[in-house]
Protein chains: 2
Amino acid sequence: MSLIVQKYGGTSVGTVERIEAVAKKVAASYQEGNQLVVAVSAMSGETNRLIGLANEISSDANLREMDVLVSTGEQVTIALLCMALQKLGIDALSYTGSQVRILTDNAHGKARIREIDNHRLQGALKAGKVVVVAGFQGVDEEGNITTLGRGGSDTTAVALAAALKADECQIYTDVDGVYTTDPRLVSDARRLDKITFEEMLEMASQGSKILQIRSVEFAGKYSVPLRVLSSFEEGPGTLISLEEDDQMEKPLVSGIAFNRDEAKLTIRGIPDQPGVAYKVLGAISEANIEIDVIVQNVAKDNSASITFTVNKTDLSQAEELLGEIAKDLGALEVDSDKRIAKVSIVGVGMRSHAGVAAKMFEALSDEGINIQLITTSEIKITVVIEERYLELAVRALHSVFELSASDSEST
Amino acid sequence: MSLIVQKYGGTSVGTVERIEAVAKKVAASYQEGNQLVVAVSAMSGETNRLIGLANEISSDANLREMDVLVSTGEQVTIALLCMALQKLGIDALSYTGSQVRILTDNAHGKARIREIDNHRLQGALKAGKVVVVAGFQGVDEEGNITTLGRGGSDTTAVALAAALKADECQIYTDVDGVYTTDPRLVSDARRLDKITFEEMLEMASQGSKILQIRSVEFAGKYSVPLRVLSSFEEGPGTLISLEEDDQMEKPLVSGIAFNRDEAKLTIRGIPDQPGVAYKVLGAISEANIEIDVIVQNVAKDNSASITFTVNKTDLSQAEELLGEIAKDLGALEVDSDKRIAKVSIVGVGMRSHAGVAAKMFEALSDEGINIQLITTSEIKITVVIEERYLELAVRALHSVFELSASDSEST
């Protein structure tokens, strides 16, 4: 008998029919003899409907009241899912975040979980019940309702799994697992059976939107095996765990992530002195603009240049700020480029293999693709290229690192 | 400085615009220097929408989960009303039933309030805040969400007023007060400035649907002055209190209530023996059919007959049961009549005045209306007549007891 935490997102519970389909999946796992805790999101569209009501009153509504409002979305789902389970003859019991007591800090709208009281849940599980918990929400020490921010239901599921020492945390979503790259771009992309937390984090931070980064970090920290699988199709999904793949020959690269949401900014001819990078990037960060890739170079004349990327939606604000900074520092020039894309290869195999970067650069060179920026981490190499070459680059890398389904069969 | 509890029903908070209008009313009272606790219902239509979702799954959903589901309705309203108040610069704070701690029994869907913890509310009021509480809901000793049943928001408001020893409990609704009778029937019906709890109870139980009977009983028990007034118009409304009208000459009759939702059943030729009434009516009650007027007569031959009224929707079931009972008792016959109406005159003045009944019967006789049944209480006389004479009867009684607006001015 295993203790399993399942999580179903908004699309999976988007209609009453889908909630009944979820109930069948839960019932099947229960009837296999598992103990089950199910975390659910609001029905898709519901959270936006509620935010819409608030926006009719104020675009800047009080965050405490916003949490009181939007937390009703998941509360509706837990009740309906329990009813659907009871219809199937399964004894089910719902809990809101505050009924479980998912204790969080008081940062309304983006609260962090501090502690989960597993007392009531354990009792219900022991009594043979399926427990259904509202995702995305908690309660602070004063009893105020809090929410974890968008996508927080994944985090709820992982936190519940950690608190209950569950055997597995299964995240049901609209894809059937983690792929070597986006199948819409590369038709023979392959579903991975296994991936490590680190790889998943790198994939997620590079634009693979299957799981919230926070929930993967959380799962890694508490060693909760995570499985991504489809609400709509049968299949084993992808297991995300601590263990590296135990194949004799580890693949060099597990997957290819990409992102075309960023723009590049460069400031040239700034003094090559301590504190300059801080002056440039600190001002951008203070404006709450997230900076991704950062590269600094020093030219022959000992003047430096810094290039970094930000989300395209933040570009005009970042340009303005950078213009002011350039004046202060007596910089030579500032320029920006929207037509860029970021491509990363990710794999724990890189740790023990030299030459991966060279192989990547060679493949891009063979296709005549110029590399604008390079950054590397222990298990990831990222390049920024011209946006129009993105598909070409991803397909070339997918092929050269033998990631396609047919490659896998031949090994 | 007075402490006032206000209650706004579903129609009053039916849209965001109306919620903003409610916020203005609350703000006006707050700015007059009052301390305010506001109980609200779900936006009109919302509770039915939620019940509709549950019915898609099961017509017989688990009551605990039903309460989890429908209690979200009021939770949405409290958040939106607080946002609207904050927009007007009023410091407002929302509480769900379980956050206040409105402790109830565990009869889901029709829970009764046991105790209200006024600790948190008092603290918020002392800090100068307007407190907004979700009506209709509470929490049982185990932390399960409960609801008080439809219309329970009135009860919440009265219970809050009792717990906080409020100076007045103001029920905002879509009518501007309690009338001598239904103005749709009698065009010169008059709004009453004052009415006693007892009179209001008799009016309510006889079909005047402005207030839930339970909330009036509750208010009477705890001596909470209740005021019924309009969400949409200005005006003093009607004050319901312990004190009888202090005019020198009390009116004999305060109002006329009526009801056309009932049907009449008669069983004739039953033995005039102890226990027979119980045999007849006990079986009906056990089937959860509510019995209203009951009249028993004994005929010359010492056989008895019993006549009683039930809601029209229960008629066919009651007829069937009565048929079986008739067989058991060897009764002569059973018959029923749907085309009846009930008319009551209500007034504390009756206590000290003889001749009120005679005056009533005379007025009906003058109009050629036959009286089928009569029952009386200390402050009420009820007759059952043919349904087609209902309007005529109400107008005649309204006139003979001088209840119209012009009568009032002339005295």
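All values reported here derive from a predicted model rather than from experimental measurement. (Residues numbered from 1 in each chain as written. Chains lettered and ligands numbered in written order. Predicted model: local features only at pLDDT ≥ 70, side-chain atom pairs only at ≥ 80, totals over all residues.)

1. Re the overall build of chain A
Scanning chain A from N- to C-terminus turns up 14 helices and 20 strands. Over its C-alpha trace chain A gives a radius of gyration of 24 Å, about what one expects of a compact globule, namely 22 Å for 411 residues. C-alpha extents for chain A along the principal axes are approximately 75 × 60 × 30 Å. Contacts spanning at least 24 positions in sequence make up 74% of the contacts within chain A whose residues lie at least 6 apart. (Helix = DSSP H or I, 4+ residues; strand = E, 2+ residues; numbered from the N terminus. Rg over C-alpha atoms; globule rule 2.2 N^0.38 Å. Contact = placed C-beta atoms within 7 Å.)

2. Looking at the interface of chain B and chain A
Contacts between the two partners involve 27 residues from chain B and, on the opposite side, 27 residues from chain A. Every element with two or more residues in the side of chain B that touches chain A is listed here: α1 (16-31), α2 (46-57) and α3 (63-87) of chain B. No other element matches the 14 residues that α3 of chain B contributes to the side of chain B that touches chain A. Classifying every residue of the side of chain B that touches chain A gives 15 nonpolar, eight polar and four charged. (Nonpolar A, V, L, I, M, F, W, Y, C, P; charged D, E, K, R; others polar.)

3. Observations concerning the nonpolar core
Residues Leu81 of chain A together with Leu81 of chain B are the most contacted members of the largest nonpolar core, which totals 246 residues. The contacts of leucine 81 of chain A, once residues within four sequence positions are left out, are Val13, Ile19, Val22, Ala23, Val38, Val40 and Val132 of chain A. (Core = buried A, V, L, I, M, F, W, Y, C linked by C-beta atoms within 7 Å. Buried ≥ 20, exposed ≤ 12 C-beta atoms within 10 Å, placed from the backbone.)

4. A short note on helix α13 (residues 390-400) of chain A
All names here are of chain A. Considered for burial, the residues of α13 that qualify are Ala393, Val394, Ala396, Leu397 and His398. Along its buried surface, α13 packs onto β13 (255-259), β18 (340-346), α12 (356-366) and β20 (380-386). One or two positions beyond α13, positive phi appears at glutamate 402, with a value near 50°.

5. A short note on the sheet that holds strand β17 (residues 333-337) of chain B
Residues and elements named next belong to chain B. On the basis of which strands lie adjacent, the open sheet formed by four strands has the order β15-β16-β14-β17 and antiparallel pairing. The sheet terminates laterally at β15 (291-298) and β17, the two strands that pair on one side only. On average, each strand axis in the sheet is inclined to that of its neighbour by 15°, with strand direction left out of account. Relative to strand β16 (residues 303-311), strand β14 (residues 262-271) is paired through eight bridges, and the arrangement is antiparallel. Bridged to isoleucine 267 within β16 is isoleucine 306. Running over the sheet, helix α9 (residues 276-286) touches β14, β15 and β16 and is turned about 160° from β15. Relative to β14, helix α10 (residues 315-329) is tilted by about 0°, and along the sheet it contacts β14, β16 and β17. (Pairing = 2+ DSSP bridges. Axes fitted to C-alpha atoms, helices over the stretch in contact; angles between N-to-C directions.)

6. Points about the packing of helix α1 (residues 16-31) of chain A against helix α4 (residues 72-87) of chain A
Residue and element names in this part refer to chain A. It is the contact of α1 with α4, at a shortest axis distance of 9 Å, that shows an interaxial angle of 60°. On the basis of their axis angle, the class for α1 and α4 is oblique. Here α1 runs over α4; the crossing is right-handed. Mapping the contact onto sequence places Val16, Ile19, Glu20, Val22, Ala23, Val26 and Ala27 in α1 and Leu80, Leu81, Ala84 and Leu85 in α4. For the contact of α1 with α4, the class distribution of residues is ten nonpolar, no polar and one charged. (Parallel < 35°, antiparallel > 145°, perpendicular 65-115°, else oblique. Left-handed = near helix turned anticlockwise from the far one by under 90°.)

7. Some thoughts on the UniProt feature "binding site: substrate" (unreviewed entry) in chain A
Residue and element names in this part refer to chain A. The positions that UniProt labels "binding site: substrate" (unreviewed entry) are, in the present scheme, Thr47 and Glu74. Taken together, the annotated residues stretch across 28 residues yet fold into one region, lying no more than 8.8 Å apart by C-alpha. Structurally, the position occupied by threonine 47 is in helix α2 (residues 46-57). Beyond its immediate sequence surroundings of up to four residues, threonine 47 is in contact with Ala42, Val70 and Gly73. Position of glutamate 74 relative to the elements: it lies in helix α4. Assessed through the 32 C-beta atoms surrounding it within 10 Å, glutamate 74 is described here as buried. With residues near it in sequence (within four places) discarded, glutamate 74 still touches Val40, Ser41, Ala42, Ala134, Gly135, Phe136 and Gln137. (UniProt positions renumbered as here; feature names shortened; annotations may be inferred.)

8. Digging into the relation of the copies chain B and chain A
Overlaying chain B on chain A yields an RMSD of 0.1 Å, the required transformation being a rotation through 180° with an accompanying axial translation of 0.1 Å. This pairing of chains is accounted for by a two-fold axis. It is threonine 72 of chain B whose C-alpha, among those of chain B, lies nearest the rotation axis, at 2.7 Å. Mapped onto chain A, 100% of the interface residues of chain B again fall at the interface, so both copies present the same surface. (Least-squares fit on C-alpha atoms with pLDDT ≥ 70 in both.)

9. Topic: the environment of serine 58 of chain B
Structurally, the position occupied by serine 58 of chain B is in the loop between α2 and α3. In this structure serine 58 of chain B comes out as partly exposed when scored by C-beta crowding, with 15 C-beta atoms within 10 Å. Remark: the alpha-carbon pair of serine 58 of chain B and leucine 315 of chain B, spanning 257 residues in sequence, is separated by 27 Å. With residues near it in sequence (within four places) discarded, serine 58 of chain B still touches Met83 and Lys87 of chain A.

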